[in-house]
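# Remarks on the overall topology
Take a look at the letters that make up each chain.
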Amino acid sequence: MEIIEKYFGDLTNTQKEQLGRLKDVYEDWNEKINVISRKDMDSFYEKHVLHSLGIATIFDFKEGTRILDVGTGGGFPGIPLAIMFPEVKFHLIDSIGKKINVVKAVAEELALYNVTAEQIRAEKHKGQYDFIISRAVTRMKNFMPWTHGKLYQHSFNEKPNGIIYLKGGDLNEELSEINKRKIIHLYDLQDCFEEEFFETKKIVHIF
């Protein structure tokens, strides 16, 4: 938890309590359903929570923003972001039912009333959102068709509506595969966080 407060110093007491309980809640569920690699639990706050909150260093979502988390797995990046933005509505989807069951349980235990979760394949989901977030579920050329028709055209946040994708490594080839009419902004998380884990981690904003 210290690593979160290192970078986010203006957390409310509620946010501190919710973030502080996250690891225990996930450890309990991980004993029943393996949603997070057990070797990753020792670095849970760095590799899962802080990585997810990298989005919050670049985007300041306004109240009423609607966000879809595609391929959320156990709830990342959606759950940490829902704690950070309690006035923003998050809908977390995944095709694997047991993972969505964990997401629902975590949201209930932490009283995250701005979170809903659904077992469904992304391409089957109907609904429109201001942003679609995800954490490296597939190559971006595969991901893009899943999001077709799911973004509101009108933006009211500072940054335009679009896809926010957490991804690592050299992205030149992947980005070259995306429709040339799309605008792509890249943000290096090593500019936000000093830990070695973030040296190759990026946020891709596509709109």
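That block above? That's the structure.
Residues numbered from 1 in each chain as written. Predicted model: local features only at pLDDT ≥ 70, side-chain atom pairs only at ≥ 80, totals over all residues. Heavy atoms only, no water.

## Structural notes on unusual backbone geometry
The criterion, for reference: Each helix is a run of H or I in the DSSP string that is no shorter than four residues. Each strand is a run of E no shorter than two, and both are numbered from the N terminus. Summary of the burial criterion: residues with accessible area below 20% of their type's maximum are buried, those above 50% are exposed, and those between are partly exposed, where the area comes from a 1.4 Å probe applied to protein chains only.
Backbone torsion omega between Phe76 and Pro77 reads 10°, so that peptide bond is classified as cis. Relative to the helices and strands, Pro77 is located in the loop between strand S1 (66-70) and helix H4 (78-84). Even without being a glycine, Ala111 presents a positive backbone phi close to 55°. Under the relative-accessibility criterion, Ala111 is labelled partly exposed at 34%. Within the chain, Ala136 stands out as a residue other than glycine whose phi angle is a positive 50°. Its location among the elements puts Ala136 in the loop between strand S4 (131-135) and helix H6 (140-146).

## Looking at the side chain of Ser52
To keep it simple, the criterion reads: Think of a polar contact as two N or O atoms within 3.5 Å of one another; within protein, one of them needs to be a possible hydrogen donor and the other a possible acceptor, and neighboring residues in sequence only count if both atoms come from side chains. In this description, contact between two residues means that some pair of their heavy atoms is separated by no more than 4.5 Å.
Topologically, Ser52 is positioned in helix H3 (residues 44-58). With a relative accessible area of 0%, Ser52 lands in the buried category. Within the local environment of Ser52, its side chain forms a polar contact with the backbone oxygen of His48, the two atoms lying 2.7 Å apart. Once you skip the residues sitting within four places of it in the chain, Ser52 turns out to touch Phe76, Pro77, Pro80, Leu81 and Leu166.

## Some thoughts on helix H5 (residues 97-109)
As a reminder of what qualifies: The span expected for a helix works out to 1.5 Å for each residue beyond the first.
Counted at 1.5 Å a residue, the expected span for H5 with its 13 residues is 18 Å, and the 18 Å between its end C-alpha atoms agrees. The elements touched by buried residues of H5 are helix H2 (13-32), H4, strand S2 (89-94) and strand S3 (115-119). Of the residues trailing H5, Ala111 is marked for its positive phi of about 55°.

## Some words on the nonpolar core
Threshold: By convention a nonpolar core is built from buried Ala, Val, Leu, Ile, Met, Phe, Trp, Tyr and Cys residues, the set being connected through side-chain atoms within 4.5 Å.
With 53 residues, the main nonpolar core has Ile4, Leu22, Tyr26, Ile79 and Phe90 as its most contacted residues. Top contributing element to this core by residue count: H3, with eight residues. Residues in contact with Ile79, not counting those within four places in the same chain, are Leu22, Tyr26, Leu92, Val103, Val106, Ala107, Leu112 and Val115. Counting residues in hydrophobic clusters, the runner-up holds 17 residues, among them Leu68, Val70, Ala122 and Ile132.

## Regarding the pairing of S1
We apply this condition: Note on pairing: DSSP must find at least two bridges between two strands before they are called paired. Handedness of a crossover: with both strands directed away from the viewer, a clockwise path from the first strand across the helix to the second marks it as right-handed.
Burial within S1 is extensive, with four of its five residues counted as buried. Two strands pair when backbone bridges link them, and S1 and S2 are joined in this way by five bridges, in the parallel orientation. Of the residues in S2, the one forming a bridge with Val70 is Ile93. Read as a crossover between parallel neighbours, the route from S1 over H4 to S2 is right-handed.

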